[in-house]
Amino acid sequence: MNQPSVEVTYTTSKDLVKLPVNKHTAVYHRKLGGLSLLNEESLRTLMSFEKGKTLKTNLFTSEANDRNDELIQQLALRKLIIPENLSFPTNQETQVGNTNLVTVIQLVMANACNFGCTYCFEGVQGQELSVDNHMNSLDESRIIARDSIKIDINDSMYASEERFAHQYDPKNRHMKDKAGVSYVKDALKAVKASGSSNVMIQFFGGEPLLNWKTINKVLNTFGHEHDGIDIQYSTVTNGSLITEEVAETFANFNVAVCVSVDSPTSPSRPLKNGDHSMPIVMDGVRKLQKYQNRVALNSALTSSTWNDFDRSIVDLAVDVGASEIGVVVDFDPTFYTKFGTENIVDKLWNVIQYGRQKGVILTGYWHQIFQVILGFDAVSYRGFKNCSAKGAQLSIEPNGSVFSCKAGSTLMGKIHEATNLLESDSYQSHNKLRRNNPSICNGCEIEGFCAGLCLGTLEKKFNSIGAVEPATCNFYREITKKHIQSLQPDELATFDL
């Protein structure tokens, strides 16, 4: 039996955000997203609810009679107009899906690297790991100066005794292959317990390919499905240790390979002996191309790379068949005060626009803010805003210890705790931040999509993951605004009356 239609007063949401975009106005919900474009007449309809407007409830249970009714239905679905008496808990909106998903397993394959990047966030790397027979078979020129790693505590992001201990511990240098398989099994139990049915396994480091044996073992053991969980793979590598076997295997398992290159000429990523790394990196990238791997470049925009970060990285991406460049903007808060928001945004946007002309997209934590706004309540499905370390990720060290990320300093426990790990106080402190920002963020136009600066930096500076670095806020807001204002009507939902 049909319920009788009643009248309900709707008003514009207090979380409505508007931004002019050429002849349209971009609108979205500050916490849920649903970015769309309205022409002048459609915007007038939206704003007619500002002081309250009565609607019959059958408008939302039947087909729209005309385009105006269809628009109102869409505005209500996006929660841009809401029932007048509807109130949400502080800093928490109605959610469509689960908000406790673990969707990323980060495996730290090796706490060592054969490069000496000037801006490496780890700083303390300890001694090179002891190589096994497989690694000894590699070209010696690719693992240079095993005892030459410089230790500089002042350059490290890390902020806890536990994290420093893990960096120095000789038993935490190299993830054994049997241990890697065991860790993934336990981690997948946690993934399943969180309610997630898919996960990204990241091979991380140091330089992960210093431990190819374990990477290969994990790929061949788990494939793309285990116990009902769909598995995808990715890795971030400096590209210097890619062999024919590595390239072919990555292609077979569809591993997304992100090769770190700042620019064709940057001196900021030298080998440990000081030599330029580009020739050996390009050799590895060409092998990836040969087997038609999914390749992206990973570049850093930092104080060290400021003069070298330019359009040449896009030309390099085109040359190697990479359609994406991930750009890590400096984790150091002083970078934002040194160069200023306007200069940083202009420099990055210049390369973004050139990339678009060449069919190459630039992404990063800063870009994910925009991506999440495009969806509606996307956080409930992906499990995080723009930082998976806030609840959605388990980062597993070679000895089985779990942190939120390789950049984080808070020890959560051991991976053999599996599902119990999700109940720990340290995990829950991160989990609470996957959606809820500190109170200083309330009212910000990107509140529901931005997780702020890297939590490792926040831990070091503020001794807290719940802090905000104000120096970065304007950058995140302005680069997001640039992306929104560059949109064309055919690129997203557009409502014209």
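None of these values were measured; they are calculated from a predicted model.

Reading the values: rules and limits
Residues numbered from 1 in each chain as written. Predicted model: local features only at pLDDT ≥ 70, side-chain atom pairs only at ≥ 80, totals over all residues. Heavy atoms only, no water. Pairing = 2+ DSSP bridges. Helix = DSSP H or I, 4+ residues; strand = E, 2+ residues; numbered from the N terminus. Contact = heavy atoms within 4.5 Å. Axes fitted to C-alpha atoms, helices over the stretch in contact; angles between N-to-C directions. Core = buried A, V, L, I, M, F, W, Y, C linked by side-chain atoms within 4.5 Å. Buried < 20%, exposed > 50% of the residue type's maximum accessible area, 1.4 Å probe, protein only. Right-handed = clockwise from strand over helix to strand, strands pointing away. Salt bridge = Lys/Arg side-chain N within 4 Å of Asp/Glu carboxyl O. Phe/Tyr/Trp six-rings, centres within 6.5 Å; stacked < 30°, edge-to-face > 60°. Lys NZ or Arg CZ within 6 Å of the ring centre and 35° of its normal.

Asks: Summarise the sheet that holds strand β4 (residues 33-38); cite the residues concerned and give the values.
Replies: Working definition: the strands of a sheet are paired by backbone hydrogen bonds and lie parallel or antiparallel to each other. An order of β2-β3-β4-β18 is seen for the four strands of this open sheet, with the pairing classed as mixed. The sheet is open, and its two borders are formed by β2 (16-21) and β18 (494-495), each paired with just one other strand. The pairing of β4 with β18 spans two bridges and is parallel. Note on β18: the bridge partner recorded for L38 is F495. The strands touched by helix α16 (residues 470-485) are β2, β3 (24-29) and β4; relative to β2, the strand with the most contacts, the crossing angle is about 60°.

Asks: Any details on the nonpolar core? Residues and values, ideally.
Replies: The nonpolar side chains of a soluble globular protein tend to be buried, and buried together. In this structure, L107, F250, L348, L362, W366 and F475 are the most contacted members of the largest nonpolar core, which totals 107 residues. With eight residues, helix α5 (residues 177-193) is the largest single contributor of residues to this core. With sequence-adjacent residues up to four places away left out, L362 is seen in contact with F309, V314, I325, V327, L348, V351, I352 and H367. Formed by 17 residues, the second largest nonpolar core is a distinct cluster that contains L16, L46, L59 and L75.

Asks: Hey, could you go over the pairing of strand β11 (residues 256-260) for me, with residue numbers and the actual values?
Replies: With four of five residues buried, β11 lies mostly within the body of the structure. As judged from the four bridges shared by strand β10 (residues 229-237) and β11, these two strands associate in the parallel manner. Bridge pairing in β11 links S234 to A256. With respect to chirality, the unit in which β10 leads through helix α7 (residues 244-252) into the neighbouring parallel β11 is right-handed.

Asks: Residue-level account of the sheet that holds strand β6 (residues 81-83), with values.
Replies: Strand order in the open sheet formed by three strands is β5-β1-β6, with antiparallel pairing between adjacent strands. Of all strands in the sheet, those with a lone pairing partner are β5 (53-56) and β6, marking the two edges. On average, each strand axis in the sheet is tilted by 45° relative to the strand beside it, whichever way the strands run. Here strand β1 (residues 7-12) runs beside β6; their pairing, made up of three bridges, is antiparallel. By the bridge assignment for β6, Y10 is matched with P83.

Asks: Break down the pattern of salt bridges for me, with residues and values.
Replies: What the rule picks out here adds up to 14 salt bridges. The shortest N-O distance in the salt bridge between K287 and D283 comes to 2.7 Å. Residue K287 and its partner D283 are both found in helix α8 (residues 278-290); the two are separated by four residues, about one turn of the helix. Relative accessible area serves as the criterion here: at 32%, D283 is assigned to the partly exposed category. E478 is the salt-bridge partner of K481, the closest N and O atoms lying 3.7 Å from each other. Remark: E478 and K481 occur in helix α16; sequence separation between them is three residues, near one turn of the helix. Using a relative accessible area of 27% as the deciding quantity, one classes K481 as partly exposed.

Asks: If you had to explain the side chain of H483 to someone new, which residues and values would you point to?
Replies: Examined against the element boundaries, H483 turns out to sit in helix α16. H483 has contacts with W349, I352, R356, W366, H367 and F370, leaving out every residue within four places of it along the chain.

Asks: Any chance you could break down the packing of aromatic side chains for me, citing the residues and the numbers?
Replies: Under the defined criterion, the tally for this structure stands at 10 aromatic pairs. With centroids separated by 5.6 Å and ring planes inclined at 80°, the aromatic side chains of W212 and F250 adopt a geometry described as edge-to-face. Here the residue W212 occupies a position in helix α6 (residues 212-222), and F250 occupies one in helix α7, the gap between them amounting to 38 residues. The same class applies to W212 as to F250, namely buried. With 5.6 Å between their ring centres and 50° between their planes, F475 and Y476 make a pair best called tilted. For F475, a relative accessible area of 0% corresponds to the buried category. Using a relative accessible area of 7% as the deciding quantity, one classes Y476 as buried. Put simply, the rings of W306, F335, Y336, F339, F475 and Y476 pair up and form one aromatic cluster. For R163, the ring lying beneath its charged end belongs to F403, and the centroid distance is 3.8 Å. If you follow R382 out to its NZ or CZ, it ends over the ring of F384, 4.3 Å from the centre.

Asks: Tell me what's going on with the pairing of β3, and back it up with residues and numbers.
Replies: With respect to burial, β3 is a largely interior element, six of its six residues being buried. Of the two faces of β3, both are covered, the one formed by H24, A26 and Y28 as well as the one formed by T25, V27 and H29. Here β2 pairs with β3 via six bridges, running antiparallel. Looking at β3, one finds that L19 is bridged to A26. Joining the antiparallel neighbours β2 and β3 is a turn of two residues, in which N22 adopts a positive phi near 55°. Adjacent in sequence and paired antiparallel, β3 and β4 are bridged by three residues.

The quantities given are spatial measurements derived from coordinates; they are silent on function.
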